[in-house]
Amino acid sequence: MLYHQNSIILDPYYANNERTMANLVSTINLILESNSSRVKRIVVAGFSSPEGSFIHNDRLAWGRSVSVKEYIIAN
C-alpha cells in the first residue's frame, strides 16, 4: 500500500491502493478456502521515507502497518 506523505491513513483512492487492497484480501481468502493450504501467519511491515527524525518515522511506519493489519482483519 502507498500512503500520503506523513500519513497513516490507508486511502483506497490513493495511487493504486484500491486494487492492491482487493488483491490482498482476495489472495488471503483463496488460501483460507483452500483444502491444501492454510494461513499460519501474516507479517505486516510498515515503512516511511528517510526524511524526518528516526522516532517520527518509526511511529509513522508502525501506524502504517497497524492500518494494514486492521484492514485485513476487517475484510
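Not measured: the values here are computed from a predicted model.

K.L.:
Can you walk me through unusual backbone geometry in this structure?
P.N.:
Note: most residues except glycine have negative phi, and most peptide bonds are trans. Here the phi dihedral of asparagine 6 falls at roughly 65°; this positive angle occurs in a residue that is not glycine. Topologically, asparagine 6 is positioned in the segment before α1 (17-33). We note that alanine 15 has phi near 55°; this positive angle belongs to a residue other than glycine.

K.L.:
Quick question: what am I supposed to make of the environment of alanine 22 here?
P.N.:
Inspection of the secondary structure puts alanine 22 in helix α1. Spatially, the C-alpha atom of alanine 22 lies 9.4 Å from that of asparagine 75, the residues being 53 residues apart in sequence.

K.L.:
What's the story with a nonpolar patch on the surface in this structure? I'm lost.
P.N.:
A cluster of nonpolar residues, Ile31, Leu32, Val39, Ile42 and Val44, forms a patch on the protein surface that exposes about 360 Å² of accessible area. Along the polypeptide, isoleucine 42 turns up in the loop between α1 and α2 (54-74). Given the relative accessible area of 43%, isoleucine 42 is considered partly exposed.

K.L.:
Is there a simple way to explain α2 in this structure?
P.N.:
In an α-helix, one full turn covers 3.6 residues, which means residues spaced three or four apart are oriented alike. End to end, α2 covers 30 Å across 21 residues, agreeing with the expected 30 Å (1.5 Å per residue, within 8%). Residues of α2 that are buried in the fold lie against α1.

Parameters at a glance
- Residues numbered from 1 in each chain as written.
- Predicted model: local features only at pLDDT ≥ 70, side-chain atom pairs only at ≥ 80, totals over all residues.
- Heavy atoms only, no water.
- Helix = DSSP H or I, 4+ residues; strand = E, 2+ residues; numbered from the N terminus.
- Patch = residues over 30% accessible without salt bridge, like charges linked within 9 Å, V, L, I, M, F, W, Y side chains within 5 Å.
- Areas by Shrake-Rupley, 256 points an atom, 1.4 Å probe, with all protein chains shown as cover.
- Salt bridge = Lys/Arg side-chain N within 4 Å of Asp/Glu carboxyl O.
- Buried < 20%, exposed > 50% of the residue type's maximum accessible area, 1.4 Å probe, protein only.
- Expected span 1.5 Å × (residues − 1).
- Contact = heavy atoms within 4.5 Å.

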